[in-house]
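A structural walkthrough
Okay, here's what each chain looks like letter by letter:
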Amino acid sequence: MPLKHATETFFVFLLGVAILLTGLLLPTLPDLPAGAVPWAILFALSVLYPLSLFALFRRRRADHAFRLLHWMPALLLLLWLAIEVLALELPRALLVMNWFTWGWTLGAVTVAFILLLSYCLQVVRRRVTRVTLLLLAFIPFVGGALASEQTTHWDRQLAAVLWGGEWLTQLEGKELLGIRLAGRLPTQQNLSASSDAGEEGWREKLRQAEQRRREAREQRLAAGGSSLSAASLIARTASSQSSMWGGTQLNEAKTQPARLPSSGPELGAFLLLMLAGYTGVLHDRARRRG
């Protein structure tokens, strides 16, 4: 028996919520190795979600594209892990991580929603209802992500609530899914010297990675300070030249802007990207009908 239209609509909306939750939780994960256990917990949930629906989708003959879309949360988590592992060797990869997790991972979540909306537009079943439900969930997410990035910083507060407590330390020495956890979890970065040669080699690598991370953060802070110093120097030079030459155009350099430019992508860019994907799908359907 095929999957009923109302049931498929429910799973479409549920998948959208799962993608939004994954995008919200990704910026809260600590850097490796401290974030190994939190990442493993989220990844296990993201894998169990599509696996729990596999038998139902196979029995009801759900579309293969719809089945693959359910692995999108796990794919986002794998991308986070790949960037973090790369950052252990190349600290400059932290800049990529900053862009990837900017605004509750807004860029990756937008791409995932475009794919999900494209699937909803390709099928005839309850197209308007599904697109409306997804937009009702996505638009508040965009507003909250931009507000969190600019003013409220809700992701930091959520990270302190989820991963800042002592509940992770209570898992030491216990079994989880048949696997006995180590006596000291990676959330506690024990970087002191060890008598074991293999353990000392690993801790030395962690110490070097932590040092490179610290240097990368200091360089970013220094770059921000130098850019401000350069801007102030240009303003002072322009004002001195305007006073010397009596010009009127250079006096405008002394005027301070109403607000500083944003450090990340704007909302208009994401909306334009969604509009472009929507029009592309409509054009493709019209070409096929013609």
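Structural data are supplied above this passage.
Counting restarts for each chain: residues are numbered from 1 in the order of the written sequence. With pLDDT at 70 or above as the cut-off, local features in this predicted model cover only qualifying residues; side-chain atom pairs require 80 or more to be listed or tallied, and sums for whole chains, interfaces and linings still use all residues. In computing side-chain properties, one takes all heavy atoms of the structure into account and sets aside hydrogens as well as water.

1. As for the environment of Thr110
Just so we agree on the cut-off: To qualify as a helix, a DSSP run of H or I must reach at least 4 residues; to qualify as a strand, a run of E must reach at least 2; elements of each kind are numbered from the N terminus.
Along the polypeptide, Thr110 turns up in helix α6 (residues 102–122). Separated by 28 residues in the primary sequence, Thr110 and Phe138 place their C-alpha atoms 8.5 Å from one another.

2. Considering the environment of Ala74
As a reminder, the rule being used: What makes two residues a contact is simply this: any of their non-hydrogen atoms within 4.5 Å.
In this fold, Ala74 is placed in helix α4 (residues 72–89). If we ignore the near neighbours within four places in the chain, the residues touching Ala74 are Phe43, Ser46 and Val47.

3. Points about unusual backbone geometry
The following threshold applies: Throughout, exposure labels follow a simple rule: accessible area from a 1.4 Å probe, protein chains only, divided by the maximum for the residue type, with under 20% read as buried, over 50% as exposed, and the rest as partly exposed.
At Arg61, a position not held by glycine, the phi torsion is positive, near 55°. Inspection of the secondary structure assignment puts Arg61 in the loop between α2 (36–59) and α3 (64–69). The backbone phi angle of Trp104 is positive, close to 60°, even though this residue is not glycine. For Trp104, the position within the fold is in helix α6. Its relative accessible area of 10% is what places Trp104 among the buried residues.

4. Comments concerning the side chain of Arg130
What counts here: The definition of a polar contact used here is a pair of N or O atoms within 3.5 Å, where within protein one atom must be able to donate a hydrogen and the other to accept one, and adjacent residues in sequence count solely through side-chain atom pairs.
For Arg130, the location among the structural elements is in helix α7 (residues 127–152). The exposure class assigned to Arg130 is buried, which follows from its relative accessible area of 0%. Of note is the side chain of Arg130, whose polar atom sits 3.0 Å from the side chain of Thr9. Those residues within four positions of Arg130 in sequence are excluded, and the remaining contacts are His5, Glu8, Thr9, Val12, Cys120, Val123 and Arg125.

5. Re helix α8 (residues 154–163)
To keep things clear, this is the line we draw: In this description, one arc is meant: the one made by directions from the helix axis to the C-beta atoms.
If you check which residues of α8 are buried, you get Asp155, Ala159 and Trp163. Buried residues of α8, seen end-on, are gathered within an arc of 45° and therefore sit on one face of the element. Facing away from the buried side of α8 by more than 90 degrees, the exposed set consists of Ala160 and Val161. The elements touched by buried residues of α8 are α2, α6 and α7.

6. Some details on the packing of aromatic side chains
For clarity, the threshold we go by: Working definition: a ring pair exists when centres of Phe, Tyr or Trp rings (six-membered ring for Trp) sit within 6.5 Å. Plane angles under 30 degrees give stacked, over 60 give edge-to-face, the rest tilted.
Following the criterion strictly, the structure yields seven aromatic pairs and no others. Taking 5.5 Å as the distance between ring centres and 90° as the angle between the ring planes, the aromatic pair formed by Phe11 and Phe57 counts as edge-to-face. Here Phe11, found in helix α1 (residues 5–25), pairs with Phe57, found in helix α2; they are 46 residues apart in sequence, far enough to count as distant. Residue Phe11 shares its accessibility class with Phe57, and that shared class is buried. With a centroid separation of 5.3 Å and an interplanar angle of 15°, the aromatic rings of Phe66 and Tyr119 are classed as stacked. Pair noted here: Phe66 is in helix α3 and Tyr119 is in helix α6, with a separation of 53 residues, a long-range link. The exposure classification of Phe66 matches that of Tyr119, with both residues buried. Taken together, the aromatic side chains of Phe10, Phe11, Phe57, Phe66 and Tyr119 make up a single cluster linked through ring pairs.

7. Here we look at the environment of Phe100
Looking at the element boundaries, Phe100 is found in helix α5 (residues 93–100). Phe100 sits in the buried class, given a relative accessible area of 14%. Phe100 sits 21 residues away from Leu79 along the chain, and the two C-alpha atoms are 9.0 Å apart.

8. Brief notes about the packing of α1 against α7
Note the cut-off: The angle between two axes is taken between their N-to-C directions and runs from 0 to 180 degrees, where each axis is a line fitted to C-alpha atoms and a helix contributes only its stretch in contact. We call two directions roughly parallel when the angle between them is under 35 degrees, roughly antiparallel when it is over 145, roughly perpendicular when it lies between 65 and 115, and oblique otherwise. In this scheme the handedness of a crossing depends on how the near helix is turned from the far one: anticlockwise by less than a right angle means left-handed, clockwise means right-handed. Any residue that is not Ala, Val, Leu, Ile, Met, Phe, Trp, Tyr, Cys, Pro, Asp, Glu, Lys or Arg is counted as polar, Gly included; the first ten are nonpolar and the last four charged.
For the pair α1 and α7, interaxial distance at closest approach is 10 Å and the crossing angle is 15°. Regarding the angle of α1 to α7, the classification is roughly parallel. The handedness of the crossing between α1 and α7 is right-handed. Residues His5, Glu8, Thr9, Val12, Phe13, Gly16, Leu20 and Leu24 of α1 pack against Thr129, Arg130, Leu133, Leu134, Ala137, Phe138 and Phe141 of α7. Residues belonging to the contact of α1 with α7 are distributed by class as follows: nine nonpolar, four polar and two charged.

By themselves, these figures tell us nothing about what the structure is for.
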